[in-house]
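# Coordinates in review
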Amino acid sequence: MPEEKKPEDIKKKGSGNVSRRTFLKDAGFVVGAPAIGTMAVSAERASAQDKAAGGQSGAGDVTAIRTEAARTIQLTVNGDKYRFAVEPNWSLRQLIRDEIGLTSPKDWCGGLGACGSCTVIMNGRPVLSCLTLACECDGAVIETAEGIAKSGHPIIQAYIDHNAFQCGYCTPGFVCTSKALLDRNGDPTEADVRDALGGNLCRCATYQQHPPAVLQAARELKKT
Ligand code: FES
Ligand code: FES
């Protein structure tokens, strides 16, 4: 596991002359940083779950059943396979954050499906993880902002280059929605981007920065 930063270390890093670009790079790394930290957590949790489940090969019984109503599901998150006993009322967001330890899916609207900050990509489509029941995700392939950042997808650099975030709270949701758009449409128009991102809200009002960032990522992807 990566060593946790102490507050004094963070303070030390933030002191002195920090250019706006350096700051934004660091801030952007907030999107990427969880990818490193949480992937390690992810592996650790996977190992714990795997142990409880008697191995990811499917052998053995899950021993971590919460109640009799819990159901066992298997899913892939950012390329890692998991097997969990989930309660019928658990949301996918709850599973990803509380059980797997990936904190990019946020909760701005209280799980009402109104803000898009909890967006992840499930089987290639952006979904609101707050409104998706975990027990319905058996066999699903999920991508979160951590996985997108770790894969080196150009949307991350494009968001940094275009200052497409301020506090960053909504950013993982925007990144997932944008990446899903680029997966299904490699040559989007600005109108396509605005339409795709219509369900994502940003309290810092960074809306004007998202279309150019997504269009830059599309251009970068075309080069590869
Ligand atoms: S938390 Fe707002 S849409 Fe899911
Ligand atoms: S960048 Fe702050 S909520 Fe969107």
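### Section: the confidence of the model for the protein chain
Mean pLDDT over the protein chain works out to 80, with 71% of the residues at or above the 70 mark. Scored below 50 in pLDDT, residues 1–63 makes 69 contacts in the model with residues more than four places away or belonging to other chains.

### Some remarks on unusual backbone geometry
Its identity is not glycine, yet Asn-123 carries a phi of approximately 50 degrees, on the positive side. Its location among the elements puts Asn-123 in the loop between β3 (119–122) and β4 (125–128). Despite not being glycine, Asn-163 shows a phi value in the positive range, around 50 degrees. Of note, Asn-163 is situated in the loop between α5 (154–161) and α6 (171–184). When the 15 C-beta atoms within 10 Å are taken as the criterion, Asn-163 is described as partly exposed.

### Structural notes on the pairing of β4
Burial along β4 is one-sided: Pro-126 and Leu-128 are buried, while Arg-125 and Val-127, pointing the other way, are not. Where β3 and β4 come together, 4 bridges link them in antiparallel fashion. Along β4, the bridge assignment pairs Met-122 with Arg-125. Where β3 hands over to β4, the hairpin turn is made up of 2 residues, of which Asn-123 adopts a positive phi near 50 degrees.

Reading the values: rules and limits
- Residues numbered from 1 in each chain as written.
- Chains lettered and ligands numbered in written order.
- Predicted model: local features only at pLDDT ≥ 70, side-chain atom pairs only at ≥ 80, totals over all residues.
- pLDDT = per-residue confidence, 0-100.
- Contact = placed C-beta atoms within 7 Å.
- Helix = DSSP H or I, 4+ residues; strand = E, 2+ residues; numbered from the N terminus.
- Buried ≥ 20, exposed ≤ 12 C-beta atoms within 10 Å, placed from the backbone.
- Pairing = 2+ DSSP bridges.

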